[in-house]
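Understanding the architecture of this molecule
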Amino acid sequence: MEIIVEGKGESFVTPNQVVLHLHFFVKGDNYEGVLEKGSANVLTFINTILLAQGFAKEELKTSSFVIKKELEYNESTRTYDFVGYSYNQNATLQFGYDKEKLATMMEEIAKMTNPPFYEVDFTLEDIEACRRVNLTKAYKDAEAQAQILADAASKTLKGCIKVDFQPITTDYSSGGFKSDMLFEESVSMGMAKMSASKTINAVFTPEDVHVFEKLYCLWIAE
(Lines give C-alpha, C1' and ligand atoms only; values in the text may rest on other atoms or scores of the structure.)
Protein backbone atom coordinates (compact mmCIF):
# COMPACT_ATOMS: atom_id res chain seq x y z
CA MET A 1 0.00 0.00 0.00
CA GLU A 2 1.31 3.43 -0.97
CA ILE A 3 0.57 6.47 1.19
CA ILE A 4 1.27 9.96 -0.13
CA VAL A 5 1.14 12.74 2.46
CA GLU A 6 2.04 16.41 2.71
CA GLY A 7 4.08 17.45 5.71
CA LYS A 8 4.34 21.01 6.96
CA GLY A 9 6.84 22.70 9.22
CA GLU A 10 6.78 26.31 10.33
CA SER A 11 8.24 28.63 12.91
CA PHE A 12 8.13 32.27 13.91
CA VAL A 13 11.59 33.68 14.52
CA THR A 14 12.69 37.06 15.85
CA PRO A 15 14.55 38.84 13.03
CA ASN A 16 18.23 39.52 13.66
CA GLN A 17 19.25 41.34 10.50
CA VAL A 18 18.42 44.69 8.90
CA VAL A 19 18.62 45.22 5.15
CA LEU A 20 18.58 48.91 4.23
CA HIS A 21 17.70 49.58 0.59
CA LEU A 22 18.67 53.11 -0.49
CA HIS A 23 17.78 55.07 -3.61
CA PHE A 24 19.85 58.17 -4.34
CA PHE A 25 18.13 60.55 -6.75
CA VAL A 26 19.20 63.89 -8.21
CA LYS A 27 17.72 65.92 -11.10
CA GLY A 28 19.45 68.57 -13.17
CA ASP A 29 19.64 70.35 -16.50
CA ASN A 30 22.75 68.69 -17.89
CA TYR A 31 24.44 65.30 -17.77
CA GLU A 32 27.73 66.41 -16.22
CA GLY A 33 26.01 68.42 -13.49
CA VAL A 34 23.73 65.55 -12.52
CA LEU A 35 26.63 63.10 -12.37
CA GLU A 36 28.64 65.46 -10.17
CA LYS A 37 25.79 66.25 -7.78
CA GLY A 38 24.63 62.64 -7.55
CA SER A 39 28.11 61.32 -6.82
CA ALA A 40 28.65 64.04 -4.23
CA ASN A 41 25.36 63.11 -2.55
CA VAL A 42 26.38 59.45 -2.23
CA LEU A 43 29.81 60.49 -0.95
CA THR A 44 28.14 62.66 1.70
CA PHE A 45 26.17 59.64 2.89
CA ILE A 46 29.33 57.54 3.04
CA ASN A 47 31.41 60.11 4.91
CA THR A 48 28.83 61.47 7.37
CA ILE A 49 26.72 58.39 8.06
CA LEU A 50 28.23 55.13 6.86
CA LEU A 51 31.78 55.62 8.15
CA ALA A 52 30.56 57.39 11.28
CA GLN A 53 28.55 54.30 12.23
CA GLY A 54 31.58 52.04 11.92
CA PHE A 55 30.85 50.59 8.48
CA ALA A 56 33.43 50.26 5.72
CA LYS A 57 32.45 51.95 2.48
CA GLU A 58 32.67 48.57 0.73
CA GLU A 59 29.70 47.38 2.79
CA LEU A 60 27.42 49.69 0.82
CA LYS A 61 26.67 47.52 -2.20
CA THR A 62 25.42 49.19 -5.39
CA SER A 63 22.73 47.14 -7.12
CA SER A 64 21.98 49.50 -10.02
CA PHE A 65 23.09 52.85 -11.43
CA VAL A 66 21.73 54.93 -14.29
CA ILE A 67 21.70 58.50 -15.55
CA LYS A 68 18.73 59.00 -17.83
CA LYS A 69 16.81 61.66 -19.69
CA GLU A 70 13.70 62.96 -17.97
CA LEU A 71 10.66 63.50 -20.17
CA GLU A 72 7.41 65.30 -19.32
CA TYR A 73 4.17 64.90 -21.23
CA ASN A 74 2.93 68.10 -22.89
CA GLU A 75 -0.87 68.14 -23.05
CA SER A 76 -1.02 70.90 -25.65
CA THR A 77 1.35 69.27 -28.15
CA ARG A 78 0.67 65.66 -27.06
CA THR A 79 4.37 64.98 -27.07
CA TYR A 80 7.02 64.34 -24.45
CA ASP A 81 9.35 67.27 -23.75
CA PHE A 82 12.91 66.90 -22.52
CA VAL A 83 13.18 68.41 -19.00
CA GLY A 84 16.69 67.37 -17.94
CA TYR A 85 18.56 64.38 -16.56
CA SER A 86 18.28 62.29 -13.41
CA TYR A 87 20.90 60.42 -11.39
CA ASN A 88 19.63 57.12 -9.94
CA GLN A 89 21.71 54.82 -7.75
CA ASN A 90 20.28 51.93 -5.74
CA ALA A 91 22.38 50.49 -2.95
CA THR A 92 22.00 48.00 -0.11
CA LEU A 93 23.45 47.91 3.39
CA GLN A 94 23.11 44.89 5.68
CA PHE A 95 23.84 44.75 9.40
CA GLY A 96 22.78 42.98 12.57
CA TYR A 97 19.55 44.26 14.07
CA ASP A 98 20.44 47.18 16.32
CA LYS A 99 17.63 49.59 17.19
CA GLU A 100 19.92 52.39 18.33
CA LYS A 101 22.11 52.21 15.23
CA LEU A 102 19.04 52.19 13.01
CA ALA A 103 17.59 55.21 14.83
CA THR A 104 20.84 57.13 14.50
CA MET A 105 21.08 56.41 10.79
CA MET A 106 17.49 57.55 10.26
CA GLU A 107 18.18 60.82 12.07
CA GLU A 108 21.37 61.48 10.13
CA ILE A 109 19.75 60.67 6.78
CA ALA A 110 16.98 63.15 7.58
CA LYS A 111 19.62 65.88 8.05
CA MET A 112 20.98 65.46 4.53
CA THR A 113 20.24 68.22 2.01
CA ASN A 114 18.99 65.64 -0.46
CA PRO A 115 18.20 62.50 1.57
CA PRO A 116 17.73 59.22 -0.27
CA PHE A 117 14.53 57.27 -0.37
CA TYR A 118 14.91 54.08 1.62
CA GLU A 119 13.20 50.88 2.66
CA VAL A 120 13.99 48.72 5.68
CA ASP A 121 13.68 44.94 5.58
CA PHE A 122 13.84 42.85 8.74
CA THR A 123 15.04 39.34 8.04
CA LEU A 124 17.25 36.49 9.27
CA GLU A 125 21.01 36.25 8.92
CA ASP A 126 21.01 32.44 8.77
CA ILE A 127 17.78 31.50 7.03
CA GLU A 128 19.18 28.09 6.05
CA ALA A 129 19.39 27.02 9.70
CA CYS A 130 15.69 27.82 10.12
CA ARG A 131 14.88 25.96 6.93
CA ARG A 132 16.65 22.84 8.16
CA VAL A 133 14.66 22.91 11.41
CA ASN A 134 11.37 23.31 9.55
CA LEU A 135 12.19 20.60 7.03
CA THR A 136 12.71 18.21 9.95
CA LYS A 137 9.34 19.29 11.36
CA ALA A 138 7.71 18.77 7.96
CA TYR A 139 9.10 15.25 7.66
CA LYS A 140 7.92 14.30 11.15
CA ASP A 141 4.50 15.76 10.38
CA ALA A 142 4.31 13.66 7.20
CA GLU A 143 5.34 10.55 9.13
CA ALA A 144 2.63 11.16 11.75
CA GLN A 145 -0.02 11.53 9.05
CA ALA A 146 1.18 8.40 7.25
CA GLN A 147 1.01 6.46 10.52
CA ILE A 148 -2.59 7.55 11.09
CA LEU A 149 -3.60 6.40 7.61
CA ALA A 150 -1.74 3.11 7.97
CA ASP A 151 -3.44 2.42 11.31
CA ALA A 152 -6.83 3.26 9.78
CA ALA A 153 -6.18 0.67 7.06
CA SER A 154 -4.86 -1.90 9.55
CA LYS A 155 -1.45 -1.82 7.92
CA THR A 156 2.09 -1.54 9.29
CA LEU A 157 4.01 1.52 8.19
CA LYS A 158 7.32 0.29 6.73
CA GLY A 159 9.18 3.37 5.60
CA CYS A 160 9.40 6.43 3.39
CA ILE A 161 10.74 5.72 -0.10
CA LYS A 162 10.47 9.17 -1.67
CA VAL A 163 10.58 12.81 -0.52
CA ASP A 164 10.02 15.79 -2.78
CA PHE A 165 9.24 19.49 -2.67
CA GLN A 166 6.58 18.95 -5.35
CA PRO A 167 3.40 16.85 -5.12
CA ILE A 168 4.17 13.17 -5.73
CA THR A 169 2.21 11.11 -8.25
CA THR A 170 2.34 7.35 -8.73
CA ASP A 171 4.43 7.73 -11.90
CA TYR A 172 7.22 9.08 -9.69
CA SER A 173 7.71 12.24 -11.77
CA SER A 174 9.65 14.95 -9.98
CA GLY A 175 10.14 18.63 -10.60
CA GLY A 176 12.95 20.92 -9.52
CA PHE A 177 13.36 22.46 -6.14
CA LYS A 178 10.79 25.11 -5.22
CA SER A 179 10.35 26.23 -1.66
CA ASP A 180 7.25 27.77 -0.11
CA MET A 181 9.47 29.51 2.45
CA LEU A 182 8.43 32.93 3.65
CA PHE A 183 11.08 34.86 5.55
CA GLU A 184 10.84 38.64 5.28
CA GLU A 185 9.00 41.48 6.92
CA SER A 186 9.34 44.83 5.21
CA VAL A 187 8.68 48.39 6.34
CA SER A 188 8.68 51.05 3.63
CA MET A 189 9.85 54.43 4.86
CA GLY A 190 9.74 56.65 1.76
CA MET A 191 11.54 59.96 2.07
CA ALA A 192 13.61 60.15 5.22
CA LYS A 193 11.95 63.20 6.79
CA MET A 194 11.05 62.07 10.28
CA SER A 195 12.43 62.15 13.81
CA ALA A 196 13.74 58.69 14.52
CA SER A 197 14.22 59.40 18.22
CA LYS A 198 10.45 59.93 18.63
CA THR A 199 9.22 57.07 16.47
CA ILE A 200 11.80 54.31 16.67
CA ASN A 201 10.25 52.46 19.61
CA ALA A 202 6.82 52.47 18.02
CA VAL A 203 7.82 51.74 14.43
CA PHE A 204 10.77 49.39 14.70
CA THR A 205 9.54 46.51 16.76
CA PRO A 206 9.60 44.06 13.87
CA GLU A 207 7.20 41.16 13.70
CA ASP A 208 8.57 37.66 13.94
CA VAL A 209 9.65 36.24 10.62
CA HIS A 210 7.40 33.43 9.40
CA VAL A 211 9.45 30.54 8.01
CA PHE A 212 7.41 27.83 6.31
CA GLU A 213 8.42 24.59 4.56
CA LYS A 214 6.43 21.84 2.90
CA LEU A 215 7.39 18.29 1.89
CA TYR A 216 5.61 15.54 -0.01
CA CYS A 217 6.42 12.02 1.14
CA LEU A 218 5.64 8.59 -0.28
CA TRP A 219 5.37 5.87 2.37
CA ILE A 220 4.91 2.11 2.10
CA ALA A 221 2.57 0.21 4.39
CA GLU A 222 1.93 -3.52 4.40
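The structure presented is a predicted model; accordingly, all values stated were derived computationally and were not measured.

For the structure shown, the criterion picks out 4 salt bridges. Here lysine 111 and glutamate 108 are joined by a salt bridge, their closest N and O atoms 3.1 Å apart. When the shortest N-O distance is used, the salt bridge between glutamate 213 and arginine 131 registers 2.6 Å. Of the two residues, glutamate 213 is situated in strand β8 (residues 209–221) and arginine 131 in helix α3 (residues 127–152); the sequence distance between them amounts to 82 residues. Judged on exposure class, the residue glutamate 213 and its partner arginine 131 are both buried.

Next up on the list: the packing of aromatic side chains. Under the definition given, this model contains 8 aromatic pairs. Measuring from ring centre to ring centre gives 5.9 Å for tyrosine 31 and tyrosine 85, while their planes differ by 85 degrees; the resulting arrangement is edge-to-face. Remark: tyrosine 85 occurs in strand β4 (residues 79–96) and tyrosine 31 occurs in helix α1 (residues 31–50); sequence separation between them is 54 residues. Looking at tyrosine 31, the relative accessible area reads 39%, which means it is partly exposed. Note on tyrosine 85: relative accessible area 18%, which makes it buried. Taking the centre distance of 5.7 Å and the plane angle of 40 degrees together, the rings of tyrosine 139 and tryptophan 219 count as tilted. Note that tyrosine 139 is positioned in helix α3 and tryptophan 219 in strand β8, a separation of 80 residues in sequence. Three or more aromatic residues link up through ring pairs in this structure, and these residues are Tyr31, Phe82 and Tyr85. Over the ring of phenylalanine 55 we find lysine 101, and its NZ or CZ is 4.7 Å from the ring centre.

Conventions adopted
Residues numbered from 1 in each chain as written. Predicted model: local features only at pLDDT ≥ 70, side-chain atom pairs only at ≥ 80, totals over all residues. Heavy atoms only, no water. Salt bridge = Lys/Arg side-chain N within 4 Å of Asp/Glu carboxyl O. Helix = DSSP H or I, 4+ residues; strand = E, 2+ residues; numbered from the N terminus. Buried < 20%, exposed > 50% of the residue type's maximum accessible area, 1.4 Å probe, protein only. Phe/Tyr/Trp six-rings, centres within 6.5 Å; stacked < 30°, edge-to-face > 60°. Lys NZ or Arg CZ within 6 Å of the ring centre and 35° of its normal.

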